[in-house]
Amino acid sequence: MKSRGYATLAAVAAKPATVIDLDYLKPQEIGAAIARPPWIANVHPVDLDKDGLMDVIACEAQLNQVMWIRQRQRGVFEEKVLASDLRAPVHVEAADIDGDGDLDILVASMAVVFPHNDRIGTVFVLENDGHQNFTTHVILENTSRVTDVRAADLNGDGRLDLALAQFGYDQGEVSWLEQTGPWEFKRHVILELSGAINVCVADFDGDGKPDIAAVLSQQWEEIYLFRNDGKGHFTNARLWGSTNEDYGSSGISVADLNRDGRPDILYSNGDGFGPSATPGPRPWHGVQWLENKGDGNFVYHRVGLLPGAYSPIGVDLDGDGVARTPKDIITLAAGDLDGNGRPVLVTAGFYIYPPYDSMGRIVLWRH
């Protein structure tokens, strides 16, 4: 199960300067007002009701809620709680799991955000009746804390399966759930290491079949590729790893950064709550690009230094910009919220420790 070998990966040094332009993006707060320091763990832009206007779904890990921030008319948003009894939800995704033509919601639940060894993780699916009324299904429970869930047909049977990152604590896994029937899933473990925080699904090796990439934090600080034979059998290889146990891996995403037709991996390390006794940014934090050269081979590029970097995504904003407030933003997504073909960024705040200043809850950023 544990292949510690490398796929071909070369290192390319690069230290471009950061451009400071605090007026590049204009913020708009959406959804409910701040009542207490929020723990918004994830935001996901999607047209949930298929009315032609992009919405945002989000999860609040302290209040155990999944929310729908609906765009009722262009630029006007209202918030509705879709589920309020999901323990520490930390990732949401929309997909038509039951094949009935509407979008259901996948939820990864850690149950407890802070370190915990018990098998308390859960995967929920909120089933949409077509009118945005949701029924909660538990499809995996009593398992290592779940941090990410993504939908894809991983075995070629025409049904959507789920790829999972399971952080656990001392124990954890990267796994997938095979859909075997209506709301029935069978779990397959493809890596037994703790600290998985994100999975991404794409055809990384160009064979027409969906593969999985995963990032592991904690003492591993590694990125793995799981190559799929198309029938749900995976061969794993480690793409990159750091010997610094305080490296602070904080997220990966897929983007064709150089537009060569191959999906690359964007990777951030900015978690300041690692082995060190004092929380905070580290001088080695930043953003990396793993360039896909084809057939499972990647080249590592250091994009730049960025203390506290989280949630990397690739979008065409035609420039670079930085905001100083709100602080403690750990999740970032992009979508065409304005219907003009240009991406709007969506961020959310997660505030564990005081001082509770410069806070934001869910904010849109426009160029």
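Quick caveat: nothing in here was measured; it's all calculated off a predicted structure.

> How do you make sense of the overall build of the protein when you look at a structure like this?
Along the protein, the regular secondary structure elements total zero helices and 25 strands. A compact globule built from 367 residues would reach a C-alpha radius of gyration of about 21 Å, and the protein, at 19 Å, matches this within 12%. Each principal axis of the C-alpha distribution contributes one length, and for the protein these read about 50 × 50 × 40 Å. Of all 367 residues assigned to the protein, the portion counted as buried reaches 52%. Split by element, the accessible area of the protein, about 15,800 Å² in all, is 50% carbon and sulfur. Positive and negative side-chain charges in the protein, numbering 31 and 52 respectively, have mean positions lying 4 Å apart.

> What am I meant to see in the sheet that holds strand β12 (residues 161–166) here?
Strand pairing in a sheet is mediated by backbone hydrogen bonds. Such pairs are either parallel or antiparallel. Here we have four strands laid out as an open sheet, ordered β11-β12-β13-β14, and antiparallel in their pairing. Edge positions in the sheet fall to β11 (146–152) and β14 (184–191), since each has one partner strand and no second. Shown here is a sheet whose adjacent strand axes are inclined to one another by a mean of 25 degrees, direction ignored. As judged from the six bridges shared by β11 and β12, these two strands associate in the antiparallel manner. By the bridge assignment, Ala151 is partnered in β12 with Leu162.

> Looking at this structure, I do not really get the pairing of strand β9 (residues 121–128). What am I missing?
Walk down a regular strand and you will see the side chains alternate between the two sheet faces. Of all eight residues in β9, seven are buried, a share of seventy percent or more. Here strand β8 (residues 104–109) runs beside β9; their pairing, made up of five bridges, is antiparallel. Bridging across to β9, Ser109 finds its partner in Thr122. Alignment of β9 against strand β10 (residues 134–143), held across seven bridges, turns out to be antiparallel. Paired with Gly121 across the bridge in β10 is Thr143. Linking β9 to β10, which pair antiparallel, is a turn of five residues; within it Gly130 sits at a positive phi near 95 degrees.

> Looking at this model, I keep getting lost on the packing of aromatic side chains. Mind explaining?
Any two aromatic rings considered together are summarised by their centre-to-centre distance and by the angle between their planes. All told, the structure shown has nine aromatic pairs when counted by the stated rule. Ring centres of Trp39 and Phe114 lie 6.1 Å apart, and the angle between their planes is 80 degrees; on these two criteria the pair is classed as edge-to-face. Separated by 75 residues along the polypeptide, Trp39 in the loop between β2 (26–30) and β3 (40–46) and Phe114 in the loop between β8 and β9 bring together distant segments of the chain. Under the relative-accessibility criterion, Trp39 is labelled buried at 13%.

> Looking at this model, I keep getting lost on the sheet that holds strand β5 (residues 65–73). Mind explaining?
A sheet is described by the order of its strands in space; here four strands give the open sequence β3-β4-β5-β6, paired in antiparallel fashion. Of all the strands in the sheet, the pair left with one neighbour each is β3 and β6 (76–83). Mean inter-strand twist for the sheet, computed between neighbouring axes without regard to direction, equals 20 degrees.

> Explain the side chain of Asp104 here, please?
Relative to the helices and strands, Asp104 is located in strand β8. Buried charge without a partner: Asp104 forms no salt bridge, and the closest opposite charge is Lys50, 9.4 Å away. At a separation of 2.8 Å, a polar atom in the side chain of Asp104 contacts the main-chain amide nitrogen of Asn128. With residues up to four places along the chain from it excluded, the contact list for Asp104 reads Glu93, Ala94, Ala95, Asp96, Ile97, Asp98, Val125, Leu126, Glu127 and Asn128.

> Would you mind going over the pattern of salt bridges with me for this structure?
As a working rule, side chains carrying opposite charge can pair if their charged atoms are close by. By the definition in use, this model includes 14 salt bridges. In this structure, Glu79 engages Arg361 in a salt bridge whose closest nitrogen and oxygen atoms are separated by 2.7 Å. Highlighted residues: Glu79 in strand β6 and Arg361 in the loop between β24 (344–349) and β25 (362–366), separated in sequence by 282 residues. A relative accessible area of 25% means that Glu79 is categorised as partly exposed.

> Teacher, can you tell me more about a nonpolar patch on the surface here?
Together, Phe114, Phe273 and Tyr353 line one region of the surface with nonpolar side chains, adding up to about 310 Å² of accessible area. In this structure Phe114 comes out as partly exposed when scored by relative accessible area, which is 35%.

> How do you make sense of unusual backbone geometry when you look at a structure like this?
Apart from glycine, the bulk of residues carry a negative phi angle, and the bulk of peptide bonds sit in the trans form. Positive phi outside glycine occurs at Gln132, with the angle close to 65 degrees. By the secondary structure assignment, Gln132 is in the loop between β9 and β10. Assessed through its relative accessible area of 12%, Gln132 is described here as buried. Phi at Ser311 is positive, roughly 55 degrees, even though this residue is not glycine. Tracing the backbone shows Ser311 in the loop between β22 (297–305) and β23 (329–335).

> Whenever I open this one, the confidence of the model for the protein confuses me. Can you help?
The predicted coordinates ought not to be read in detail in places where the model reports low pLDDT. Summing up the model confidence of the protein, the mean pLDDT is 89 and the portion of residues at 70 or higher is 92%. Between residues 1–8, whose pLDDT stays under 50, and residues either more than four places distant or in other chains, the model counts 27 contacts. Counting interchain partners and residues more than four positions distant, the pLDDT-below-50 stretch residues 10–14 has nine contacts.

Calculation criteria
Residues numbered from 1 in each chain as written. Predicted model: local features only at pLDDT ≥ 70, side-chain atom pairs only at ≥ 80, totals over all residues. Heavy atoms only, no water. Helix = DSSP H or I, 4+ residues; strand = E, 2+ residues; numbered from the N terminus. Rg over C-alpha atoms; globule rule 2.2 N^0.38 Å. Buried < 20%, exposed > 50% of the residue type's maximum accessible area, 1.4 Å probe, protein only. Areas by Shrake-Rupley, 256 points an atom, 1.4 Å probe, with all protein chains shown as cover. Lys, Arg positive; Asp, Glu negative; His and termini not counted. Charge placed at Lys NZ, Arg CZ, Asp CG, Glu CD. Pairing = 2+ DSSP bridges. Axes fitted to C-alpha atoms, helices over the stretch in contact; angles between N-to-C directions. Phe/Tyr/Trp six-rings, centres within 6.5 Å; stacked < 30°, edge-to-face > 60°. Salt bridge = Lys/Arg side-chain N within 4 Å of Asp/Glu carboxyl O. Polar contact = N/O pair within 3.5 Å; in protein donor to acceptor, adjacent residues only side chain to side chain. Contact = heavy atoms within 4.5 Å. Patch = residues over 30% accessible without salt bridge, like charges linked within 9 Å, V, L, I, M, F, W, Y side chains within 5 Å. pLDDT = per-residue confidence, 0-100.

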